[in-house]
Amino acid sequence: MKLTADGLQNLTILGIFIVICVVGFLLEPSLFISSANISNILVSTSSTIITASGVTLVLITGNLDLSVGGVGAMAGVLFGLFAKAGVPMGLSAVLAVLCGMLCGFLSGLIISALNLPSFIISLAFKYIAGGIALIGAGGAIISAGLPGNIGHLGRVVLGIPLPIVYAIVIFLIFMFIQNKTVFASQCYAIGSNMGAAKLSGIGTVRVVSTVFMLTGILAAFTGVVITARFSVADSGVLPGFENDCIIAAVLGGTDINGGRGTVFGMIIGALIVGVLTNIMNMLGLRIYTQNVVKGVVLVLAIVLNNTIRKKVKV
Amino acid sequence: MGEYILEMKNIAKYFAGVKALDDVSFNIVKGSCHCLVGENGAGKSTLIKILTGAHPKTKGSVLYNKKEFNPTGTREAMQAGIGCLFQELNVVEQLRVEENICLGLEETRFGVLRGKSNTKVFDVLRRIDDTIDPRQYIEELSVAKRQVVEMAKALAMDSNVIIMDEPTASLSEEEVRRLFEIIADLKKQGITILYISHRLEEIMKLADYITVLRDGKHIATRPISEIESRQELIQMMTGKVIVEGYIPNAADTSQTLIEARGISNRKLKKVSFDLHKGEILGFYGLVGSGKTEIARAIYGVDDYEGEVVVKGSLGKSRSARRSLQKGVALVPEERRTQGVCTSLSIASNTPMMNYKSVSEKGILSKMKQGRLAREYMKAIGIACRNENQSVMYLSGGNQQKVVIAKCLNASPQVLLLDEPTRGVDVGAKQEIYAIIRELVKKGCSAIVFSSELPEILGLCDRIGLLYDGELKVILQNTADIDSERIMHIVTGGVDVER
């Protein structure tokens, strides 16, 4: 089997992931491997895996989406509001996701059609969406008046929390998209060389708008699921979520400048962060210390990634 | 024969198993213009880097004024008197001319800049070109004038040897003439010029001596008087016999593939022409005459007034996509920024204009993609390890072939080629010409936009001459076409022969 640069990079972070898991196991053998703990890790990482599946594609096109946290909060709040107002729960969820889709589509359209920097535009939409969330929940949370079935989407089925199932289904879909579709090839082309992509007849506006739209859908869905899990619509939910998504993707080998990256790598990246946080919690480290450790590990992993990349001259 | 200012003795440079230079020995006469020629990968850049101290050599010695010369860095080489003008100019755009010239030579006291600048430097500048105002910002200057600034810098450091790497790549004919005057002037002052270029006509005019490198080995060093023709040079450079010269294509003037009428925009002034089936039409003009603008207008990526009718389709093309649908494909001027996605593989680049050739209903077949790339690699001779290699590791000529493969994959009836062999070595140039001719034989038509006259004369059936956005005349290409008249027209002269 031919070893590509991407393949080697994925193997490397897989290796790092396994090392971290082994460390966790050695520190607290019975606690770490317990099904409760694994379930915990997977559920807490599910939000990132779901949304970062889209964010990875955005990064591949050479853009940034900083709005995902705001869109998630907005959708979570709107879900609660619609449901509270009597709209059937299922429909409320769909409407909330549609709002996220619209948000994503608009930001993608503005960025690609007007040729504006995605950093600024997606940041602006983060404030718009986040602001809508705050308005909707009066700056706080909505817990009273929510229908009884609000938690339906976040429940446990046959011992497995649904968020884990969503994460698996979504990452499989997006792994397929990233690997096997013409659409993804166009994303790589745009991220690698926008000028060449345009002159080759690739509809850059169409592709970029779509990629942001997909991310909007995923971010909104994440928000809806969180509201379901806690049966509370929290306007302050998912703070710094965009960072988590980008970190997962970059740890997984996605190039911030575009043109390179895989969804599989992102998943390992997300799991590395998830397991690391879990271990630090088990050890009782304060959140402040945890942040420092997270930062250090991030730098080391990326340096290692890049070094490996340079060695494989395919 | 004068004394030698530089002597290369058995220079070898090995990089991880690759012999970039292998036992190269030759001498450079002081005060001469010594031209270094060779294909991409021949070792020219490596030799220059050794001379300027950017790379250490693996074996051999360099004698500079009869003494061993082993610079440990470019600064040391510069201070020893070896100055270099690279292809990518080392000027800082936001600074003024005077600040650029003094970069590295500033008058300082304990690291703090003193107010006064070095007046010697300005004398130097004035001598070369007195139209440049030292107070001007570099970004206001054309490429040619920036080169002059760099030259002044090299001279200000009392360079004895000035190395010029592809200096005329972005210059107009007039500017090239001016550069040659400057070089003649420098020689009179006893300065030695080491000149690297792919443009053989220039080399033949300029050189006192020519050194040919091939595959890292020294092939020959001869005075210009001993070299008979371009053919001989090319043969030494490539090791092959090249047949140059125009071969007419079987053009069918009854069938018109493209009718352009009155194309006008900011740059172009009412350009009208026809493209017949089976012909290669050429557009020749100096830098800025409008060649790229015509190509982009036909391809639909620039706005224009007027009409471009492509056979078999209605409506104006307003996008690359639409043009591709009409059967028109463009090989753009700038390979790196418009032609290939360098971080992607050959296999990923090839299908970009026509994904349908490797996919079904939007689902890509990696197998078909690989097969497609291999077919083109074989058909047009792309030298690489395999189809999964990143395009950035290919030579300029091979990268250009990837762009051409991409266009061919879109099955165009018309192929537009904007500067198809710029920055491409001699061997690959001939291969690309062969590809174009082969294409036209199979029924496609081509329009070649070029600023290299031999290229146009060697390829095209008809030649449109451009000056300042206007199409002055279209000439039929013949064996005894009048190059003087062509140069006269493209430099703005009035055409008396009508």
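Residues numbered from 1 in each chain as written. Chains lettered and ligands numbered in written order. Predicted model: local features only at pLDDT ≥ 70, side-chain atom pairs only at ≥ 80, totals over all residues.

### Digging into the overall build of chain B
When helices and strands are counted, chain B shows 17 helices and 23 strands. The C-alpha atoms of chain B give a radius of gyration of 24 Å, which matches the 23 Å a tight globule of 498 residues would have. Counting only C-alpha atoms and orienting by the principal axes, one finds that chain B spans roughly 70 × 50 × 50 Å. Split into buried and exposed, the 498 residues of chain B put 44% on the buried side. Considering only contacts within chain B whose residues lie at least 6 apart along the sequence, 69% involve residues at least 24 apart. (Helix = DSSP H or I, 4+ residues; strand = E, 2+ residues; numbered from the N terminus. Rg over C-alpha atoms; globule rule 2.2 N^0.38 Å. Buried ≥ 20, exposed ≤ 12 C-beta atoms within 10 Å, placed from the backbone. Contact = placed C-beta atoms within 7 Å.)

### Here's the deal with the sheet that holds strand β16 (residues 305-310) of chain B
All names here are of chain B. The strand order β14-β13-β16 describes an open sheet built from 3 strands, whose pairing is antiparallel. With one partner strand each, in any of the chains shown, β14 (271-277) and β16 form the two edges of the open sheet. Taken pair by pair, the neighbouring strands of this sheet meet at an average axis angle of 20 degrees, ignoring direction. Two strands pair when backbone bridges link them, and strand β13 (residues 252-264) and β14 are joined in this way by 6 bridges, in the antiparallel orientation. From the neighbouring strand, D252 faces β14, where its bridge partner is K277. Across the sheet, helix α9 (residues 291-298) lies against β13, β14 and β16, angled at about 105 degrees from β13, the strand it touches most. (Pairing = 2+ DSSP bridges. Axes fitted to C-alpha atoms, helices over the stretch in contact; angles between N-to-C directions.)

### Here we look at the interface of chain A and chain B
Interface size is often expressed as the accessible area that is lost when the parts come together. Taken together, the contacts link 23 residues of chain A with 27 residues of chain B. Elements represented by at least two residues in the side of chain A that touches chain B include exactly α8 (182-192) and α9 (194-199) of chain A. Among the elements that make up the side of chain A that touches chain B, the one with the highest residue count is α8 of chain A (6 residues). Counted by class, the side of chain A that touches chain B contains 8 nonpolar, 10 polar and 5 charged residues. (Nonpolar A, V, L, I, M, F, W, Y, C, P; charged D, E, K, R; others polar.)

### What about the confidence of the model for chain B?
Chain-level statistics for chain B give a pLDDT mean of 85 and a share of 92% at 70 or above. If you check the scores for this complex, the pTM reads 0.78 and the ipTM reads 0.88. (pLDDT = per-residue confidence, 0-100.)

### A closer look at the packing of helix α3 (residues 35-60) of chain A against helix α11 (residues 241-251) of chain A
Residues and elements named next belong to chain A. In the contact formed by α3 and α11, the axes pass within 9 Å of each other and the chain directions differ by 65 degrees. By the angle between their axes, α3 is roughly perpendicular relative to α11. Here α3 and α11 pass one another in a crossing that is right-handed. Every residue of α11 that contacts α3 at T48, T51, A52, V55, T56 and L59 is listed here: D244, C245, I246, A248 and A249. Of the residues in the contact of α3 with α11, the class split is 7 nonpolar, 3 polar and 1 charged. (Parallel < 35°, antiparallel > 145°, perpendicular 65-115°, else oblique. Left-handed = near helix turned anticlockwise from the far one by under 90°.)

### Considering unusual backbone geometry
Not every positive phi belongs to a glycine, and L158 of chain A is a case in point at roughly 55 degrees. Since 5 C-beta atoms lie within 10 Å of it, L158 of chain A is described here as exposed. One non-glycine residue with positive phi stands out, namely N10 of chain B, at about 55 degrees. Among the structural elements, N10 of chain B can be located in strand β1 (residues 4-15).

### Let's talk about the environment of T192 of chain B
Residue and element names in this part refer to chain B. The residue T192 is located in strand β10 (residues 192-196) in this model. Note: C-alpha distance between T192 and V29 (163 residues apart in sequence) is 7.6 Å. Once you skip the residues sitting within four places of it in the chain, T192 turns out to touch I5, I28, K30, G31, S32, H34, N160 and V161.

### Focus on helix α6 (residues 118-136) of chain A
Residues and elements named next belong to chain A. Here α6 contains 19 residues, and its C-alpha end-to-end distance of 26 Å stays within 8% of the 27 Å for a straight helix at 1.5 Å per residue. Among the residues of α6, those classed as buried are S118, I121, S122, F125, K126, A129, G130, I132, A133 and G136. Down the axis, α6 shows its buried residues gathered within 165 degrees of arc, on one side only. Of the exposed residues in α6, those oriented more than 90 degrees away from the buried face are I120, Y127 and I135. Summarising the contacts, the buried residues of α6 are in contact with α4 (68-84) and α5 (89-113). Backbone geometry just after α6 places G138 at a positive phi near 60 degrees. (Expected span 1.5 Å × (residues − 1). Arc of directions from axis to C-beta.)

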